[in-house]
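# Analysis of the macromolecular model
Take a look at the letters that make up each chain.
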Amino acid sequence: MLIQNLCVRRQFEETGHATTKGHKIAIKGGYIHQTFQGGYTFSPLGLRVLRNIERIIREEMNKIDGQEILMPVVAGADLWIESGRYNTVDVLAKFKGRGGTDYVLNPTHEEVVVDFVKTVLESYRQLPFMVYQIQTKFRDELRARAGLIRTREFIMKDGYSFHTSQEDLEKYYGRALDAYYKLFKRCGFKNFVHVESPSGDMGGSVAHEFQLVHESGEDTIYLCACGFNTNKESVGDNAKCPKCGAEMKQERGIEIGNIFQLGDKYSAAMNLTFADSAGVRAHPIMGCYGIGVGRILAGILEESADENGPVWNMETAPFAVHVIAIPDKDGQANAAAEKIYNDLLEAGIDTILDNRDARAGEKFADADLVAAPIRLIISAKTLADKIAEVKYRVNDKDTAKMKAAFAIGDCIKEVRSAIESLK
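## Here we look at the overall build of the protein chain
- Summing up its helical and strand segments, the protein chain has 12 helices and 21 strands in all.
- For 423 residues, the compact-globule estimate of 2.2 N^0.38 gives 22 Å, and the protein chain sits close to it at 25 Å.
- By principal-axis analysis of the C-alpha atoms, the protein chain measures approximately 80 × 60 × 45 Å.
- For the protein chain, the proportion of its 423 residues judged to be buried stands at 55%.
- Taking the intrachain contacts of the protein chain between residues at least 6 apart in sequence as the baseline, contacts between residues at least 24 apart amount to 68%.
- Here the protein chain has roughly 18,800 Å² of accessible surface; of this, 48% comes from carbon and sulfur atoms.
- Measuring between centres, the 53 positive side-chain charges of the protein chain sit 3 Å from its 59 negative side-chain charges.

## Things to note about the sheet that holds strand β20 (residues 387–392)
- Spatial strand order, β18-β17-β19-β20-β21: five strands in an open sheet with mixed pairing. Of all strands in the sheet, those bounded by a partner on one side alone are β18 (351–354) and β21 (405–407). Pairwise comparison of adjacent strand axes, ignoring direction, gives a mean angle of 25° for this sheet.
- Where helix α12 (residues 411–422) meets the sheet, it contacts β17 (321–325), β19 (374–378), β20 and β21, and its direction lies at approximately 150° from that of β19.

## Some details on the pairing of strand β11 (residues 219–223)
- Within β11, five of the five residues are buried, which leaves the element mostly enclosed by the surrounding structure.
- Here β11 runs beside strand β13 (residues 249–263); their pairing, made up of five bridges, is antiparallel. Directly across from Y222, in β13, lies its bridge partner Q250.
- In terms of strand pairing, β11 meets strand β12 (residues 229–231) through three bridges, oriented antiparallel.

## What about the pattern of salt bridges?
- Applying the stated rule across the entire model yields 33 salt bridges.
- A salt bridge links E251 to K249; its shortest N-O distance comes to 3.2 Å.
- E251 sits in the partly exposed class, given a relative accessible area of 21%.
- Using a relative accessible area of 52% as the deciding quantity, one classes K249 as exposed.
- Taken together, the shared-partner salt bridges connect R55, E59, E60, K63, R186 and E315 into one network.

## Some words on the side chain of K363
- Checked against the element boundaries, K363 lands in helix α10 (residues 360–370).
- Relative accessible area serves as the criterion here: at 0%, K363 is assigned to the buried category.
- A polar side-chain atom of K363 sits 3.5 Å from the main-chain carbonyl oxygen of D354.
- Other than its neighbours up to four places away in sequence, K363 contacts I324, A325, P327, D354, N355, R356 and A358.

## A few points about the state of the cysteines
- Taken as a whole, this structure holds zero disulfides when the rule is applied.
- The cysteine C288 is free of any disulfide, with C187 supplying the nearest cysteine sulfur at 19 Å.
- Look at C288 and you get buried, because its relative accessible area is 3%.

## What about helix α1 (residues 21–28)?
- Of the positions making up α1, those classed as buried are G22, H23, I25, A26 and I27.
- On its buried face, α1 sits against β1 (32–36), β2 (39–42) and α8 (293–304).
- Backbone geometry just after α1 places G30 at a positive phi near 75°.

## So, the side chain of T351
- If you trace the backbone, T351 turns up in strand β18.
- Given a relative accessible area of 0%, T351 falls into the buried group.
- Among the polar contacts made by the side chain of T351, one reaches the main-chain carbonyl oxygen of I349 at a distance of 2.9 Å.
- Beyond its immediate sequence surroundings of up to four residues, T351 is in contact with M1, F319, V321, V323, Y341, L344 and L345.

## Here we look at the pairing of strand β10 (residues 206–213)
- With respect to burial, β10 is a largely interior element, seven of its eight residues being buried.
- In this sheet, β10 lies alongside strand β9 (residues 192–196) in antiparallel orientation, the contact comprising five bridges. Across the sheet, H194 pairs through a bridge with F210, a residue of β10.
- Relative to β13, β10 is paired through eight bridges, and the arrangement is antiparallel. Note on β13: the bridge partner recorded for A207 is F260.

## Observations concerning the packing of aromatic side chains
- This model, assessed by the stated rule, comprises 11 aromatic pairs.
- Residues Y180 and F184 carry aromatic rings whose centres are separated by 5.8 Å and whose planes lie at 85° to one another, so their mutual orientation is edge-to-face. With Y180 and F184 both in helix α5 (residues 166–186) and four residues apart, the pair spans about one turn of that helix.
- Its relative accessible area of 0% is what places F184 among the buried residues.
- Here the aromatic residues Y180, Y181, F184, F189, F192 and F210 are joined through ring pairs into a cluster of three or more.
- Positioned above the aromatic ring of Y86 is the side chain of K94, whose terminal nitrogen or guanidinium carbon lies 4.1 Å from the ring centre.
- In this arrangement the basic side chain of K265 is found over the ring face of Y266, its NZ or CZ atom lying 5.4 Å from the centre.

How each quantity is defined
- Residues numbered from 1 in each chain as written.
- Predicted model: local features only at pLDDT ≥ 70, side-chain atom pairs only at ≥ 80, totals over all residues.
- Heavy atoms only, no water.
- Helix = DSSP H or I, 4+ residues; strand = E, 2+ residues; numbered from the N terminus.
- Rg over C-alpha atoms; globule rule 2.2 N^0.38 Å.
- Buried < 20%, exposed > 50% of the residue type's maximum accessible area, 1.4 Å probe, protein only.
- Contact = heavy atoms within 4.5 Å.
- Areas by Shrake-Rupley, 256 points an atom, 1.4 Å probe, with all protein chains shown as cover.
- Lys, Arg positive; Asp, Glu negative; His and termini not counted.
- Charge placed at Lys NZ, Arg CZ, Asp CG, Glu CD.
- Pairing = 2+ DSSP bridges.
- Axes fitted to C-alpha atoms, helices over the stretch in contact; angles between N-to-C directions.
- Salt bridge = Lys/Arg side-chain N within 4 Å of Asp/Glu carboxyl O.
- Polar contact = N/O pair within 3.5 Å; in protein donor to acceptor, adjacent residues only side chain to side chain.
- Disulfide = S-S within 2.5 Å.
- Phe/Tyr/Trp six-rings, centres within 6.5 Å; stacked < 30°, edge-to-face > 60°.
- Lys NZ or Arg CZ within 6 Å of the ring centre and 35° of its normal.

Just distances and angles here, no functional claims.
Structure representation (C-alpha coordinates):
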(Lines give C-alpha, C1' and ligand atoms only; values in the text may rest on other atoms or scores of the structure.)
Protein backbone atom coordinates (compact mmCIF):
# COMPACT_ATOMS: atom_id res chain seq x y z
CA MET A 1 0.00 0.00 0.00
CA LEU A 2 1.14 3.54 -0.76
CA ILE A 3 0.95 5.81 2.26
CA GLN A 4 -0.75 8.53 0.22
CA ASN A 5 -3.56 6.09 -0.57
CA LEU A 6 -4.04 5.12 3.06
CA CYS A 7 -7.34 6.57 4.23
CA VAL A 8 -5.87 8.23 7.31
CA ARG A 9 -5.33 11.82 8.31
CA ARG A 10 -3.45 13.24 11.25
CA GLN A 11 -6.21 14.80 13.33
CA PHE A 12 -4.31 17.22 15.54
CA GLU A 13 -7.35 19.45 15.87
CA GLU A 14 -9.50 16.68 17.34
CA THR A 15 -7.34 15.50 20.23
CA GLY A 16 -8.55 18.13 22.69
CA HIS A 17 -11.34 15.93 24.06
CA ALA A 18 -8.98 12.98 24.61
CA THR A 19 -8.08 12.42 28.26
CA THR A 20 -5.41 9.70 28.07
CA LYS A 21 -2.15 9.23 26.18
CA GLY A 22 -3.45 6.26 24.23
CA HIS A 23 -6.65 8.02 23.19
CA LYS A 24 -4.69 11.02 21.92
CA ILE A 25 -2.32 8.80 19.91
CA ALA A 26 -5.23 6.83 18.43
CA ILE A 27 -6.78 10.06 17.15
CA LYS A 28 -3.52 11.74 16.12
CA GLY A 29 -2.51 8.66 14.13
CA GLY A 30 -5.89 8.44 12.47
CA TYR A 31 -6.64 4.99 13.86
CA ILE A 32 -10.15 5.86 15.06
CA HIS A 33 -12.82 8.51 14.53
CA GLN A 34 -15.58 9.20 17.04
CA THR A 35 -18.90 8.76 15.24
CA PHE A 36 -20.94 9.28 18.40
CA GLN A 37 -19.98 9.43 22.05
CA GLY A 38 -18.96 5.88 22.83
CA GLY A 39 -18.98 4.69 19.21
CA TYR A 40 -16.00 4.72 16.83
CA THR A 41 -15.17 4.19 13.18
CA PHE A 42 -11.90 2.34 12.63
CA SER A 43 -9.81 3.62 9.72
CA PRO A 44 -8.02 1.14 7.42
CA LEU A 45 -4.96 1.57 9.67
CA GLY A 46 -6.93 0.94 12.86
CA LEU A 47 -8.77 -1.99 11.33
CA ARG A 48 -5.48 -3.66 10.39
CA VAL A 49 -4.43 -3.61 14.04
CA LEU A 50 -7.87 -4.81 15.12
CA ARG A 51 -7.76 -7.73 12.66
CA ASN A 52 -4.30 -8.72 13.89
CA ILE A 53 -5.59 -8.82 17.47
CA GLU A 54 -8.56 -10.90 16.34
CA ARG A 55 -6.20 -13.33 14.58
CA ILE A 56 -4.23 -13.83 17.79
CA ILE A 57 -7.45 -14.41 19.73
CA ARG A 58 -8.75 -16.92 17.17
CA GLU A 59 -5.50 -18.86 17.18
CA GLU A 60 -5.42 -19.17 20.97
CA MET A 61 -9.13 -20.01 21.27
CA ASN A 62 -8.80 -22.68 18.58
CA LYS A 63 -5.88 -24.21 20.52
CA ILE A 64 -8.24 -24.87 23.45
CA ASP A 65 -10.81 -26.46 21.12
CA GLY A 66 -12.98 -23.38 20.62
CA GLN A 67 -15.34 -23.46 17.63
CA GLU A 68 -16.18 -20.11 16.05
CA ILE A 69 -19.79 -19.14 15.41
CA LEU A 70 -21.52 -15.82 14.73
CA MET A 71 -24.63 -14.65 16.56
CA PRO A 72 -26.83 -11.63 15.77
CA VAL A 73 -26.35 -8.22 17.33
CA VAL A 74 -30.11 -8.01 17.97
CA ALA A 75 -32.24 -10.50 19.92
CA GLY A 76 -35.91 -10.75 20.66
CA ALA A 77 -36.86 -9.59 24.13
CA ASP A 78 -38.40 -13.03 24.76
CA LEU A 79 -34.96 -14.63 25.26
CA TRP A 80 -34.01 -12.06 27.88
CA ILE A 81 -37.39 -12.40 29.58
CA GLU A 82 -36.88 -16.18 29.66
CA SER A 83 -33.48 -15.83 31.37
CA GLY A 84 -34.88 -13.32 33.87
CA ARG A 85 -32.49 -10.52 32.91
CA TYR A 86 -34.76 -8.33 30.78
CA ASN A 87 -35.52 -5.93 33.65
CA THR A 88 -32.33 -6.37 35.70
CA VAL A 89 -29.49 -5.40 33.35
CA ASP A 90 -29.26 -1.60 33.45
CA VAL A 91 -27.15 -1.26 30.25
CA LEU A 92 -29.66 -3.23 28.15
CA ALA A 93 -30.82 -1.12 25.18
CA LYS A 94 -34.40 -1.97 24.20
CA PHE A 95 -36.44 -1.01 21.18
CA LYS A 96 -39.70 -1.92 19.46
CA GLY A 97 -39.92 -2.99 15.83
CA ARG A 98 -42.53 -1.60 13.44
CA GLY A 99 -44.58 -4.76 13.86
CA GLY A 100 -44.71 -4.27 17.60
CA THR A 101 -42.06 -6.86 18.52
CA ASP A 102 -39.75 -5.98 21.40
CA TYR A 103 -36.02 -6.32 20.71
CA VAL A 104 -32.74 -5.72 22.54
CA LEU A 105 -29.24 -4.84 21.40
CA ASN A 106 -27.19 -7.62 22.98
CA PRO A 107 -24.62 -6.38 25.51
CA THR A 108 -23.57 -10.03 25.92
CA HIS A 109 -24.80 -13.27 24.36
CA GLU A 110 -25.55 -15.87 27.06
CA GLU A 111 -29.24 -15.94 26.15
CA VAL A 112 -28.58 -16.19 22.43
CA VAL A 113 -25.97 -18.94 22.72
CA VAL A 114 -28.21 -21.05 25.00
CA ASP A 115 -31.02 -20.69 22.47
CA PHE A 116 -28.62 -21.94 19.77
CA VAL A 117 -27.21 -24.83 21.82
CA LYS A 118 -30.76 -26.07 22.50
CA THR A 119 -30.89 -27.07 18.83
CA VAL A 120 -27.60 -29.03 18.82
CA LEU A 121 -27.09 -30.55 22.28
CA GLU A 122 -28.67 -33.97 22.91
CA SER A 123 -26.26 -36.22 24.80
CA TYR A 124 -23.46 -36.10 27.38
CA ARG A 125 -21.26 -37.63 24.66
CA GLN A 126 -21.17 -34.21 22.95
CA LEU A 127 -19.73 -32.50 26.05
CA PRO A 128 -17.62 -30.60 26.76
CA PHE A 129 -17.46 -28.06 23.97
CA MET A 130 -16.82 -24.34 23.65
CA VAL A 131 -18.17 -21.97 21.03
CA TYR A 132 -17.00 -18.39 20.60
CA GLN A 133 -17.57 -15.39 18.38
CA ILE A 134 -16.02 -12.01 17.64
CA GLN A 135 -19.01 -9.72 17.35
CA THR A 136 -20.36 -6.24 18.02
CA LYS A 137 -21.97 -5.49 21.37
CA PHE A 138 -23.92 -2.47 22.57
CA ARG A 139 -24.23 -1.34 26.17
CA ASP A 140 -26.22 1.75 27.08
CA GLU A 141 -23.53 3.10 29.38
CA LEU A 142 -24.25 6.35 31.16
CA ARG A 143 -20.64 7.44 30.78
CA ALA A 144 -18.24 6.74 27.92
CA ARG A 145 -14.60 7.69 28.52
CA ALA A 146 -10.99 7.40 27.37
CA GLY A 147 -11.69 6.46 23.78
CA LEU A 148 -11.86 2.69 23.35
CA ILE A 149 -11.44 1.95 27.06
CA ARG A 150 -15.12 2.53 27.85
CA THR A 151 -17.46 2.69 24.89
CA ARG A 152 -21.11 2.00 24.19
CA GLU A 153 -20.63 0.02 20.98
CA PHE A 154 -17.61 -2.29 20.88
CA ILE A 155 -16.21 -5.50 19.42
CA MET A 156 -15.88 -8.40 21.80
CA LYS A 157 -14.72 -11.98 21.74
CA ASP A 158 -17.17 -13.91 23.84
CA GLY A 159 -16.90 -17.65 24.36
CA TYR A 160 -19.23 -20.10 26.12
CA SER A 161 -18.34 -23.60 27.28
CA PHE A 162 -20.76 -26.40 28.22
CA HIS A 163 -19.96 -29.25 30.63
CA THR A 164 -21.42 -32.28 32.34
CA SER A 165 -20.14 -31.24 35.77
CA GLN A 166 -18.60 -28.45 37.83
CA GLU A 167 -15.34 -30.43 37.94
CA ASP A 168 -15.18 -30.57 34.16
CA LEU A 169 -15.86 -26.82 33.96
CA GLU A 170 -13.04 -26.10 36.43
CA LYS A 171 -10.63 -28.16 34.33
CA TYR A 172 -11.50 -26.21 31.19
CA TYR A 173 -11.50 -22.91 33.10
CA GLY A 174 -7.82 -23.46 33.86
CA ARG A 175 -7.09 -24.03 30.17
CA ALA A 176 -8.89 -20.81 29.29
CA LEU A 177 -6.96 -18.86 31.91
CA ASP A 178 -3.66 -20.12 30.48
CA ALA A 179 -4.79 -19.27 26.93
CA TYR A 180 -5.60 -15.72 28.01
CA TYR A 181 -2.10 -15.26 29.40
CA LYS A 182 -0.60 -16.48 26.14
CA LEU A 183 -2.69 -14.23 23.90
CA PHE A 184 -2.16 -11.11 26.00
CA LYS A 185 1.60 -11.72 25.92
CA ARG A 186 1.41 -12.13 22.15
CA CYS A 187 -0.34 -8.75 21.98
CA GLY A 188 2.71 -7.24 23.67
CA PHE A 189 1.37 -6.54 27.17
CA LYS A 190 3.99 -6.53 29.90
CA ASN A 191 2.24 -5.63 33.14
CA PHE A 192 -1.05 -7.48 33.45
CA VAL A 193 -2.57 -9.74 36.09
CA HIS A 194 -5.74 -11.72 36.68
CA VAL A 195 -7.74 -10.72 39.73
CA GLU A 196 -10.68 -12.26 41.54
CA SER A 197 -13.90 -10.37 40.92
CA PRO A 198 -17.63 -10.56 41.66
CA SER A 199 -19.75 -12.03 38.85
CA GLY A 200 -22.22 -9.10 38.76
CA ASP A 201 -24.95 -9.31 36.12
CA MET A 202 -23.33 -12.42 34.62
CA GLY A 203 -24.10 -14.65 37.59
CA GLY A 204 -22.19 -17.71 38.70
CA SER A 205 -19.89 -18.38 41.63
CA VAL A 206 -16.34 -17.73 40.39
CA ALA A 207 -15.04 -14.94 38.16
CA HIS A 208 -11.69 -13.40 37.25
CA GLU A 209 -10.77 -10.23 35.41
CA PHE A 210 -7.58 -9.69 33.45
CA GLN A 211 -6.33 -6.23 34.30
CA LEU A 212 -3.62 -4.21 32.59
CA VAL A 213 -1.95 -2.38 35.45
CA HIS A 214 -1.85 1.24 34.31
CA GLU A 215 -2.50 4.68 35.77
CA SER A 216 -5.12 5.49 33.10
CA GLY A 217 -7.31 2.57 34.18
CA GLU A 218 -10.72 3.20 35.69
CA ASP A 219 -10.69 0.14 37.96
CA THR A 220 -9.10 -0.07 41.41
CA ILE A 221 -7.30 -3.34 42.02
CA TYR A 222 -5.36 -4.76 44.94
CA LEU A 223 -2.24 -6.89 44.47
CA CYS A 224 -0.48 -8.98 47.12
CA ALA A 225 3.07 -10.32 47.14
CA CYS A 226 1.68 -13.77 47.92
CA GLY A 227 0.08 -13.88 44.46
CA PHE A 228 -3.51 -13.13 45.45
CA ASN A 229 -5.07 -10.28 43.44
CA THR A 230 -8.56 -8.86 43.58
CA ASN A 231 -10.61 -5.81 42.64
CA LYS A 232 -12.12 -3.19 44.90
CA GLU A 233 -15.62 -4.68 44.75
CA SER A 234 -14.32 -7.90 46.29
CA VAL A 235 -12.47 -6.37 49.23
CA GLY A 236 -14.34 -3.14 49.85
CA ASP A 237 -12.31 -0.77 52.00
CA ASN A 238 -10.24 -3.55 53.54
CA ALA A 239 -6.78 -3.62 51.91
CA LYS A 240 -5.64 -6.69 53.89
CA CYS A 241 -5.02 -9.84 51.87
CA PRO A 242 -7.65 -12.48 52.75
CA LYS A 243 -5.11 -15.22 52.01
CA CYS A 244 -2.02 -14.11 53.97
CA GLY A 245 -3.13 -11.03 55.93
CA ALA A 246 -0.49 -8.74 54.43
CA GLU A 247 -1.17 -5.19 53.27
CA MET A 248 -2.14 -5.23 49.60
CA LYS A 249 -0.82 -2.74 47.04
CA GLN A 250 -3.45 -0.56 45.40
CA GLU A 251 -3.16 0.01 41.64
CA ARG A 252 -5.26 1.26 38.74
CA GLY A 253 -6.22 -1.21 36.04
CA ILE A 254 -7.76 -1.45 32.56
CA GLU A 255 -9.94 -4.53 32.26
CA ILE A 256 -8.94 -6.34 29.05
CA GLY A 257 -10.69 -9.66 29.61
CA ASN A 258 -12.79 -11.71 31.99
CA ILE A 259 -13.78 -15.30 32.62
CA PHE A 260 -16.75 -16.64 34.60
CA GLN A 261 -17.91 -19.96 36.01
CA LEU A 262 -21.62 -19.54 35.35
CA GLY A 263 -22.90 -22.86 36.69
CA ASP A 264 -26.42 -23.65 35.48
CA LYS A 265 -27.78 -20.09 35.83
CA TYR A 266 -28.73 -19.82 32.15
CA SER A 267 -29.18 -23.47 31.22
CA ALA A 268 -31.67 -23.96 34.07
CA ALA A 269 -33.54 -20.70 33.50
CA MET A 270 -33.91 -21.41 29.77
CA ASN A 271 -34.39 -25.19 30.17
CA LEU A 272 -31.34 -26.31 28.22
CA THR A 273 -30.82 -30.01 28.95
CA PHE A 274 -28.90 -33.07 27.82
CA ALA A 275 -29.27 -36.79 28.51
CA ASP A 276 -26.62 -37.96 30.99
CA SER A 277 -25.04 -41.43 31.04
CA ALA A 278 -28.09 -42.83 32.86
CA GLY A 279 -30.49 -41.26 30.38
CA VAL A 280 -31.63 -38.62 32.87
CA ARG A 281 -32.10 -35.06 31.63
CA ALA A 282 -29.68 -32.58 33.24
CA HIS A 283 -28.72 -28.94 32.81
CA PRO A 284 -25.18 -28.40 31.48
CA ILE A 285 -22.73 -26.37 33.54
CA MET A 286 -21.50 -23.28 31.69
CA GLY A 287 -18.43 -21.07 31.54
CA CYS A 288 -18.08 -17.67 29.86
CA TYR A 289 -14.91 -16.05 28.46
CA GLY A 290 -14.81 -12.42 27.25
CA ILE A 291 -12.17 -10.16 25.69
CA GLY A 292 -12.64 -6.55 24.60
CA VAL A 293 -10.89 -6.40 21.22
CA GLY A 294 -10.86 -2.61 21.01
CA ARG A 295 -9.71 -2.38 24.61
CA ILE A 296 -6.64 -4.45 23.72
CA LEU A 297 -5.78 -1.91 21.03
CA ALA A 298 -6.33 0.92 23.51
CA GLY A 299 -4.33 -0.88 26.20
CA ILE A 300 -1.35 -1.36 23.90
CA LEU A 301 -1.32 2.37 23.19
CA GLU A 302 -1.61 3.28 26.87
CA GLU A 303 1.20 0.97 27.94
CA SER A 304 3.65 1.20 25.03
CA ALA A 305 3.15 4.38 22.99
CA ASP A 306 5.70 7.17 23.32
CA GLU A 307 5.44 10.87 22.53
CA ASN A 308 5.83 10.17 18.79
CA GLY A 309 3.20 7.50 18.34
CA PRO A 310 2.33 3.84 18.84
CA VAL A 311 4.87 1.10 19.47
CA TRP A 312 3.31 -2.10 18.12
CA ASN A 313 4.99 -5.46 18.27
CA MET A 314 5.41 -7.61 15.17
CA GLU A 315 2.12 -9.45 15.74
CA THR A 316 -0.11 -6.40 16.14
CA ALA A 317 1.50 -3.79 13.84
CA PRO A 318 -0.58 -2.70 10.82
CA PHE A 319 2.48 -3.24 8.59
CA ALA A 320 5.66 -5.20 9.23
CA VAL A 321 7.83 -2.92 7.07
CA HIS A 322 7.68 0.76 6.10
CA VAL A 323 9.81 1.67 3.06
CA ILE A 324 10.65 5.38 2.86
CA ALA A 325 12.18 7.03 -0.19
CA ILE A 326 14.03 10.32 0.37
CA PRO A 327 13.50 12.14 -2.97
CA ASP A 328 16.50 13.05 -5.11
CA LYS A 329 16.58 15.03 -8.35
CA ASP A 330 17.17 11.93 -10.50
CA GLY A 331 14.39 9.87 -8.91
CA GLN A 332 16.79 7.01 -8.14
CA ALA A 333 15.67 6.65 -4.51
CA ASN A 334 12.01 6.37 -5.52
CA ALA A 335 12.79 3.76 -8.16
CA ALA A 336 14.88 1.67 -5.76
CA ALA A 337 12.30 2.00 -2.95
CA GLU A 338 9.48 0.93 -5.26
CA LYS A 339 11.44 -2.16 -6.33
CA ILE A 340 12.16 -3.14 -2.72
CA TYR A 341 8.50 -2.53 -1.83
CA ASN A 342 7.24 -4.72 -4.68
CA ASP A 343 9.78 -7.44 -3.89
CA LEU A 344 8.67 -7.51 -0.25
CA LEU A 345 5.00 -7.71 -1.24
CA GLU A 346 5.73 -10.58 -3.62
CA ALA A 347 7.52 -12.32 -0.76
CA GLY A 348 4.34 -12.08 1.32
CA ILE A 349 5.63 -9.40 3.70
CA ASP A 350 3.07 -6.75 4.68
CA THR A 351 4.69 -3.49 3.57
CA ILE A 352 3.75 0.16 3.11
CA LEU A 353 5.63 2.57 0.82
CA ASP A 354 6.17 6.30 1.20
CA ASN A 355 7.36 7.69 -2.15
CA ARG A 356 5.69 11.08 -1.78
CA ASP A 357 7.37 14.31 -2.78
CA ALA A 358 7.58 15.47 0.84
CA ARG A 359 10.22 16.48 3.37
CA ALA A 360 12.07 13.74 5.19
CA GLY A 361 10.91 15.06 8.56
CA GLU A 362 7.26 14.79 7.55
CA LYS A 363 7.79 11.25 6.32
CA PHE A 364 9.53 10.20 9.52
CA ALA A 365 6.77 11.73 11.67
CA ASP A 366 4.13 9.82 9.71
CA ALA A 367 6.22 6.67 9.97
CA ASP A 368 6.21 7.04 13.78
CA LEU A 369 2.40 7.08 13.69
CA VAL A 370 2.12 4.07 11.39
CA ALA A 371 4.76 2.46 13.60
CA ALA A 372 5.84 -0.48 11.45
CA PRO A 373 8.47 -2.32 13.54
CA ILE A 374 10.98 -2.22 10.64
CA ARG A 375 11.67 0.94 8.66
CA LEU A 376 13.82 0.92 5.51
CA ILE A 377 15.13 4.31 4.37
CA ILE A 378 16.32 4.70 0.78
CA SER A 379 18.21 7.81 -0.30
CA ALA A 380 20.89 8.83 -2.78
CA LYS A 381 23.44 8.42 0.01
CA THR A 382 22.36 4.87 0.94
CA LEU A 383 22.18 3.89 -2.73
CA ALA A 384 25.77 5.03 -3.23
CA ASP A 385 26.72 2.47 -0.57
CA LYS A 386 24.24 -0.10 -2.02
CA ILE A 387 22.38 -0.36 1.27
CA ALA A 388 19.04 0.45 2.86
CA GLU A 389 19.24 2.20 6.23
CA VAL A 390 17.24 0.38 8.90
CA LYS A 391 15.39 1.85 11.88
CA TYR A 392 13.39 -0.23 14.37
CA ARG A 393 10.29 0.99 16.19
CA VAL A 394 10.03 -1.48 19.04
CA ASN A 395 10.63 -1.13 22.74
CA ASP A 396 10.75 -4.72 23.92
CA LYS A 397 13.81 -6.02 22.06
CA ASP A 398 17.50 -5.16 22.14
CA THR A 399 17.67 -3.57 18.70
CA ALA A 400 21.13 -2.17 19.42
CA LYS A 401 22.46 -5.59 18.44
CA MET A 402 20.47 -5.69 15.19
CA LYS A 403 21.75 -4.54 11.83
CA ALA A 404 21.51 -0.83 11.04
CA ALA A 405 21.65 -1.42 7.28
CA PHE A 406 20.68 -4.12 4.82
CA ALA A 407 22.45 -4.78 1.54
CA ILE A 408 20.02 -3.81 -1.25
CA GLY A 409 20.35 -7.20 -2.91
CA ASP A 410 19.65 -9.06 0.34
CA CYS A 411 16.67 -7.02 1.58
CA ILE A 412 14.12 -9.83 1.51
CA LYS A 413 16.38 -12.25 3.38
CA GLU A 414 17.43 -9.59 5.87
CA VAL A 415 13.86 -8.41 6.49
CA ARG A 416 12.69 -11.96 7.10
CA SER A 417 15.50 -12.48 9.58
CA ALA A 418 14.65 -9.21 11.35
CA ILE A 419 10.97 -10.15 11.54
CA GLU A 420 11.84 -13.43 13.22
CA SER A 421 14.15 -11.66 15.65
CA LEU A 422 11.37 -9.26 16.66
CA LYS A 423 8.70 -11.90 17.24
